[in-house]
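Structural characterization, general
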Amino acid sequence: CHTAKFEDEKEQVVEEGGHTFKANMNFCLKCHGDLYMRMPKLKSQVEKLLKEVEQMLESANDKEAKAYKDAKLNYDLVKADKGCGFHNFEYAKALLEYSLSLREKLLAEQSEK
């Protein structure tokens, strides 16, 4: 869902691809009928990744390092969603996997200090 404001017009909600920020499970189920069966597995995967990133961040010595800040930003985005990736599982998973890919860089930055 996008909000658009055109000259001399009121704000309008534009829906594309059937997605909207007006949450309604019935609307989602039109295209994603197996959602209730998939949700526990997807939630479990994201929770596991969140825990791994959290542990990595907690063990970091340099909280000002670029790798730390990048990983923390991704972690915070997924955590703030409070949906464990429900709203966009692939995106949430990609953010967390990228954060984990920074582990070596984070460790290298720590050893340079």
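Cut-offs used in this document
- Residues numbered from 1 in each chain as written.
- Predicted model: local features only at pLDDT ≥ 70, side-chain atom pairs only at ≥ 80, totals over all residues.
- Heavy atoms only, no water.
- Helix = DSSP H or I, 4+ residues; strand = E, 2+ residues; numbered from the N terminus.
- Buried < 20%, exposed > 50% of the residue type's maximum accessible area, 1.4 Å probe, protein only.
- Contact = heavy atoms within 4.5 Å.
- Patch = residues over 30% accessible without salt bridge, like charges linked within 9 Å, V, L, I, M, F, W, Y side chains within 5 Å.
- Areas by Shrake-Rupley, 256 points an atom, 1.4 Å probe, with all protein chains shown as cover.
- Salt bridge = Lys/Arg side-chain N within 4 Å of Asp/Glu carboxyl O.

1. Digging into the overall build of the protein chain
Each helix and strand in the protein chain was counted, giving 5 helices and 2 strands. Along the protein chain, helices and strands appear, N-terminal first, in the series β-β-α-α-α-α-α. Counting only residues that meet the buried cut, the protein chain has 28% of its 113 residues in that class. Contacts in the protein chain between residues at least 24 apart in sequence constitute 51% of all its contacts with a sequence separation of at least 6.

2. Focus on a nonpolar patch on the surface
A cluster of nonpolar side chains, namely Leu73, Leu77 and Tyr91, defines an oily patch on the protein surface of about 320 Å² accessible area. Looking at where Leu77 falls in the secondary structure, it is placed in helix H3 (residues 66-81).

None of the figures reported here should be taken as evidence of function without further support.
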